[in-house]
Amino acid sequence: MDPVYFDNAATTPVDPQVLETMLPYFTEDFGNADAAHQFGRNCKVAVEDAREEIARLINAEPSEIIFTSGGTESDNAAIKGVFSALSPAGKNEIITSPIEHHAVMHPAESLKRQGAKIVYLKPNSDGIITADQVKEAITEKTAVVSLMHINNEIGSINPVNEIAAVCSEAGVPFHSDTVQSVGKIPVDVKEIGLNMLSISAHKIYGPKGIGVLYVKNGTPWIPWLQGGSQERRRRGGTSNIPGIVGLTKAMALCDKNMEANTQKFVALRERLIDGLEKRFEGKFTINGPKDGGVPHIINIGFKTDSNQGLDGEMLLLNLDIEGVCVSNGSACTSGATEPSHVLQEIVGDETIANSSIRVSFGKQNNEKEIDFFLDKLEGVLDRMMKVAS
Ligand SMILES: Cc1ncc(COP(=O)(O)O)c(C=O)c1O
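Residues numbered from 1 in each chain as written. Predicted model: local features only at pLDDT ≥ 70, side-chain atom pairs only at ≥ 80, totals over all residues. Heavy atoms only, no water.

1. Some thoughts on the overall build of the chain
On a plain count of helices and strands, the chain comes out with 15 helices and 12 strands. The globule rule puts the C-alpha radius of gyration for 389 residues at 21 Å, and the 21 Å found for the chain is close to it. For the chain, buried positions account for 56% of its 389 residues. When contacts within the chain are restricted to residue pairs at least 6 apart in sequence, long-range pairs at least 24 apart make up 74% of them. (Helix = DSSP H or I, 4+ residues; strand = E, 2+ residues; numbered from the N terminus. Rg over C-alpha atoms; globule rule 2.2 N^0.38 Å. Buried < 20%, exposed > 50% of the residue type's maximum accessible area, 1.4 Å probe, protein only. Contact = heavy atoms within 4.5 Å.)

As structure tokens, this is what we get:
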């Protein structure tokens, strides 16, 4: 069997239909979208068509869509852009949570040097922040609230509609990192009522290095990346046309197939959990929400009969040798030895946090792969547990 890839929350393979849409823009329609000649004009049309389609898919206005290099840039631009706009007026507080992606946490932390105060709201054991917590934390000094939609490590879903309502009532801009939700669950900016959101193509079968920052018209926000006059002077840099058309196709396909993909993920999850229960009863726990999270992200912690933890890094490496690729945290921290900041916060037990793996499904996965994974996991765990106890 080919290696099984269960790390789709880190990145996904590009859909062949997406690739096909992108290819002409590398070789034939390769122009610079800002050029006045026909090569440029063709590309400009492609970019503006893409902008309209993306706006339609999330129910925004085309003028509210800014193309970026991905989720990290969008998160940085959102937080730093609002902070720059509002901090001169004395609004220097940023409300966020300790289980955000580093693309939110690190820019927030870096703003401390410019006088920002970061307020971290504590998630419950399912990884959820409530609107009441946000309401209580908002002060007249709050510049921005940034809370993610779906957590990339445990699959929890924040009540963004309720949080947006609280922020809107208080007149505070609300940004949500929707990198893991757009294309997976419905995201309608008007229905949610948020000011800003971040999208990344490579999580939804599109190319790496392209994303979107949605900024609702009227939001106090200063462009973060200066340069040329692209994106109506809100994000300098020559437009990544193949990326933009690829992202758009990827979003359209995910939108079209959302229900079918979700059903598939639900079935895969059930088979996995059933298998885990049959084979490893009492030796594993699901970190984060047992119900109510997204079906395609499952974070599993293991322990031995004598309640010892296992080395999650070794577990991951052993599974890799056996042909199964999972993750032990967010992709961006893979390779680092410290346990995931999300699990440390949610699980509160360093042993389990260190003994955990994240399994995340993509639309290309199937039930045979779940069975293969369970077989391999059984062998690896058996060996590791003998050594540990
Ligand atoms: C929730 C979340 N936000 C942001 C990012 C960063 O996105 P990108 O890789 O496009 O920079 C990721 C990717 O791991 C993510 O999962």
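2. Considering the sheet that holds strand S4 (residues 117–120)
A sheet is described by the order of its strands in space; here seven strands give the open sequence S2-S8-S7-S6-S5-S3-S4, paired in mixed fashion. Pairing within the sheet leaves two strands with one partner each, and these edge strands are strand S2 (65–68) and S4. The average angle at which neighbouring strand axes cross in this sheet is 20 degrees, direction not considered. Here strand S5 (residues 142–146) runs beside strand S6 (residues 174–177); their pairing, made up of two bridges, is parallel. Looking across to S6, one finds that Val145 is bridged to Phe174. Along the sheet, helix H4 (residues 71–86) makes contact with S2, strand S3 (93–96), S5, S6, strand S7 (196–200) and strand S8 (211–215), crossing S7 at roughly 160 degrees. (Pairing = 2+ DSSP bridges. Axes fitted to C-alpha atoms, helices over the stretch in contact; angles between N-to-C directions.)

3. A look at the pairing of S5
With five of five residues buried, S5 lies mostly within the body of the structure. Here S3 runs beside S5; their pairing, made up of three bridges, is parallel. Paired with Glu93 across the bridge in S5 is Thr142. The parallel pair S5 and S6, bridged by helix H7 (residues 160–170), forms a crossover whose chirality is right-handed. (Right-handed = clockwise from strand over helix to strand, strands pointing away.)

4. Comments concerning the packing of aromatic side chains
Here the structure, examined in full by the defined rule, presents four aromatic pairs. Between Phe6 and Phe373, the aromatic rings sit 5.7 Å apart at their centres with planes inclined by 85 degrees, giving edge-to-face as the arrangement. With Phe6 in the loop between strand S1 (4–5) and helix H1 (16–22) and Phe373 in helix H15 (residues 367–388), this residue pair connects regions lying 367 residues apart in the sequence. Just as Phe6 is buried, Phe373 falls in that class too. A cation over an aromatic ring shows up here: Lys363 above the ring of Tyr205, its NZ or CZ 4.5 Å from the ring centre. (Phe/Tyr/Trp six-rings, centres within 6.5 Å; stacked < 30°, edge-to-face > 60°. Lys NZ or Arg CZ within 6 Å of the ring centre and 35° of its normal.)

5. Describing the site of the ligand
Every one of the 14 residues lining the ligand counts as a neighbour, but Gly71, Thr72, Asp177, Ser200 and Lys203 are closest to it. Gly71 places a polar main-chain atom, nitrogen or oxygen, 2.8 Å from an oxygen atom of the ligand. In this structure, His202 approaches the ligand through a side-chain N or O atom, which is 2.8 Å from an oxygen atom. Protein chains shield 91% of the accessible area of the ligand, which is 400 Å² for the free molecule. If one sorts the elements of the shell around the ligand by residue count, H4 sits on top with three residues. Across the shell around the ligand, the residue classes tally to three nonpolar, eight polar and three charged. (Near = heavy atom within 4 Å. Polar contact = N/O pair within 3.5 Å; in protein donor to acceptor, adjacent residues only side chain to side chain. Areas by Shrake-Rupley, 256 points an atom, 1.4 Å probe, with all protein chains shown as cover. Nonpolar A, V, L, I, M, F, W, Y, C, P; charged D, E, K, R; others polar.)

6. Considering the pattern of salt bridges
As enumerated under the stated definition, the model contains 17 salt bridges in all. For Glu378, the salt bridge goes to Arg279, with nearest N and O atoms at 2.7 Å. Separated by 99 residues along the polypeptide, Glu378 in helix H15 and Arg279 in helix H11 (residues 258–280) bring together distant segments of the chain. When salt bridges with common partners are traced through the structure, they connect Glu48, Arg51 and Glu231 into a single cluster. (Salt bridge = Lys/Arg side-chain N within 4 Å of Asp/Glu carboxyl O.)

7. Observations concerning helix H12 (residues 312–321)
One turn of the α-helix equals 3.6 residues, which is why residues spaced by three or four share an orientation. Considered for burial, the residues of H12 that qualify are Gly312, Leu315, Leu316, Asn318 and Leu319. Relative to the axis of H12, the buried residues are bounded by an arc of 165 degrees and lie together on one face. One side-chain oxygen at the N-terminal end of H12 lies 3.0 Å from the backbone nitrogen of Glu313; it belongs to Asp311. Of the residues one or two after H12, Gly323 is the one with positive phi, at around 95 degrees. (Arc of directions from axis to C-beta.)

8. Points about a nonpolar patch on the surface
Together, Val14, Leu19, Leu23 and Phe26 make up a nonpolar patch on the protein surface, roughly 350 Å² of accessible area in all. Relative to the elements of secondary structure, Leu23 occurs in the loop between H1 and helix H2 (24–27). Given a relative accessible area of 45%, Leu23 falls into the partly exposed group. (Patch = residues over 30% accessible without salt bridge, like charges linked within 9 Å, V, L, I, M, F, W, Y side chains within 5 Å.)

9. Details of the nonpolar core
Among the nonpolar cores identified, the biggest contains 83 residues, and Val134, Val145, Leu272, Ile300 and Phe373 are the most heavily contacted of them. Sorting elements by how many residues they give to this core places H15 first, with nine residues. Two domains each provide a minimum of three residues to this core, namely domain 1 (4–11 + 258–388) and domain 2 (16–256). Apart from residues lying up to four places away in sequence, Ile300 is in contact with Leu272, Leu276, Phe284, Thr285, Ile286, Asn287, Ser355, Ser356, Ile357 and Val359. If you look at the next biggest cluster of nonpolar residues, it comprises 19 residues, including Ile79, Ile94, Val104 and Ile118. (Core = buried A, V, L, I, M, F, W, Y, C linked by side-chain atoms within 4.5 Å. Domains from an automatic or database assignment.)

10. Concerning the domain arrangement of the chain
As far as domains go, the chain holds domain 1 (4–11 + 258–388) and domain 2 (16–256). Distance from the C-alpha centre of domain 1 to the C-alpha centre of domain 2: 29 Å. At the interface, 30 residues of domain 1 touch 32 residues of domain 2. Summing both sides of the interface, domain 1 and domain 2 together bury roughly 2,600 Å²; the carbon and sulfur share of this comes to 55%. Interface area lost by domain 1 to domain 2 is led by Met258, His341 and Glu345, which between them contribute 26%. (Buried area = accessible area lost by both parts, 1.4 Å probe.)

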